[in-house]
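So the chains spell out like this:
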Amino acid sequence: MDSPHGASVTAEDFGLKGPRGWAFRGLDIDAGPGSLVAIEGPSGSGRTCLLLALTGRMRPTEGQAKVGGLRLPRKMAAVRRIAALGPVPGVSELDPAFTVDEHLRERALLQRRFDGSLRALLRPRAERVATARARIDAALDAAGLDPDTLPKAGRTSVRDLERLEALRLSVALALIGTPRLLAVDDTDLKLSDAERAEAWDLLRSVADSGTTVLAVCSQAPEGAITLRTEGTDHAAGTAARTAAVENATGETTTEEGTADAFAETGRA
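It should be emphasised that the depicted structure is a prediction, and the values quoted were computed from it without experimental measurement.

Thresholds applied
- Residues numbered from 1 in each chain as written.
- Predicted model: local features only at pLDDT ≥ 70, side-chain atom pairs only at ≥ 80, totals over all residues.
- Heavy atoms only, no water.
- Helix = DSSP H or I, 4+ residues; strand = E, 2+ residues; numbered from the N terminus.
- Buried < 20%, exposed > 50% of the residue type's maximum accessible area, 1.4 Å probe, protein only.
- Contact = heavy atoms within 4.5 Å.
- Areas by Shrake-Rupley, 256 points an atom, 1.4 Å probe, with all protein chains shown as cover.
- Pairing = 2+ DSSP bridges.
- Right-handed = clockwise from strand over helix to strand, strands pointing away.
- Axes fitted to C-alpha atoms, helices over the stretch in contact; angles between N-to-C directions.
- Core = buried A, V, L, I, M, F, W, Y, C linked by side-chain atoms within 4.5 Å.
- Polar contact = N/O pair within 3.5 Å; in protein donor to acceptor, adjacent residues only side chain to side chain.

Quick look at the overall build of the protein chain
Looking only at helices and strands, the protein chain features nine helices and 11 strands. Residue burial in the protein chain is summarised as follows: out of 268 residues, 49% are buried. Look at the contacts in the protein chain between residues 6 or more apart in sequence, and 73% of them connect residues 24 or more apart. Accessible surface, the protein chain as shown: approximately 13,100 Å² in total, 48% of it carbon and sulfur.

Spelled out as structure tokens, the structure:
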């Protein structure tokens, strides 16, 4: 049974086929709430497609899966509501021109506008501001990011962040919505060994707090539930970029419309 926070993730013979080949196929998973799940494989092997399929952002072609008891693909919209994306290139990237504070304020505003109850929206402004600040502080703490330690504190632009700092910011933004499932792409990309260990410590702490974590990587850490994507040919890699995506209105789109489709579900 799912915990109040984390979502279980199960799949059997799970696969997604794009117009030029299989992005992934025949994958099985059985992960309980609060698990750290590493999706391991080389670039172009369908890792990101699997991540997006399990978070309700891409429609699978075969097999079955459940996230938090919600069946995919039938309940894709419901899965999107409980799953948050950390950094996913081309989908939920940070805006390099935004400052850290601007990203945090924008996310808190979107959270209040689209996910808040009517009663919450009618609360006095001072109370709403305090609630948003508390959400931001809790998310920053969980992500291990203290803006005051940055070169210009909260006024630091994303373009001036180190890779690990940017990862922490993306995770914090995702956690503002208190998701049951957190998905992170390219977890260990361009990180030193020490930074990679810090990144996994971060995601493991998020999982230990009860939130299930899916993380794409080139090498899974010890103790993680590991899914391996094997496709390495050109067709599989191309499928990972062109496979059809179902957007929030139920339409499908290919590579050219992917950004617009994901914009419907909220940034980052």
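Focus on the pairing of strand β7 (residues 181-184)
Burial along β7 is two-sided: the face carrying Leu-181 and Ala-183 and the face carrying Leu-182 and Val-184 are both buried. In this structure, strand β6 (residues 83-85) lies alongside β7, joined through three bridges in parallel fashion. Within the sheet, the bridge partner assigned to Ala-83 lies in β7 and is Leu-181. Taken together, β7, helix α7 (residues 193-208) and strand β8 (residues 212-217) form a β-α-β motif whose crossover is right-handed.

Details of the sheet that holds strand β1 (residues 9-18)
Taken together, the four strands give an open sheet; going across it, the order is β2-β1-β4-β5, and neighbouring strands pair in antiparallel fashion. The open sheet terminates on both sides in strands that have one partner only, identified here as β2 (21-31) and β5 (70-72). Here the strands of the sheet are splayed against their neighbours by 25 degrees on average, with no regard to which way each runs. The sheet contact formed by β1 and strand β4 (residues 62-67) spans five bridges and is antiparallel. Across the sheet, Thr-10 pairs through a bridge with Lys-66, a residue of β4.

Here we look at the nonpolar core
The biggest cluster of nonpolar side chains holds 40 residues, and the ones touching the most others in it are Leu-104, Leu-169, Val-171, Leu-182, Leu-203 and Val-213. Only β3 (36-40), α3 (100-115), α5 (125-143), α6 (163-175), β7, α7 and β8 provide two or more residues apiece to this core. Here this core gets nine residues from one element, more than from any other, and that element is α6. Of all hydrophobic cores here, the second largest spans 33 residues; its members include Ala-7, Phe-14, Met-58 and Met-76.

Overview of the pairing of β4
The pairing of β4 with β5 spans three bridges and is classified as antiparallel. Across the sheet, residue Ala-65 finds its bridge partner in β5, namely Leu-72. Between the end of β4 and the start of β5, which pair antiparallel, lie two residues, with Gly-68 showing a positive phi angle near 60 degrees.

Side note on helix α1 (residues 47-54)
Within α1, seven of the eight residues are buried, which leaves it mostly tucked inside the rest of the structure. When we look at burial in α1, the residues that qualify are Arg-47, Cys-49, Leu-50, Leu-51, Leu-52, Ala-53 and Leu-54.

A closer look at the side chain of Arg-47
Here Arg-47 lies in helix α1. Reaching out from Arg-47, the side chain makes a polar contact with the side chain of Asp-186 at a distance of 3.4 Å.

Considerations on the sheet that holds strand β9 (residues 225-228)
Taken in spatial order, the five strands make up an open sheet running β6-β7-β8-β3-β9, and their pairing is parallel. Edge positions in the sheet fall to β6 and β9, since each has one partner strand and no second. Here the average twist between neighbouring strands, direction ignored, is 20 degrees. Looking at chain direction, β3 and β9 are connected through four bridges and run parallel. Considered in β9, the bridge of Val-37 is made with Ile-225.

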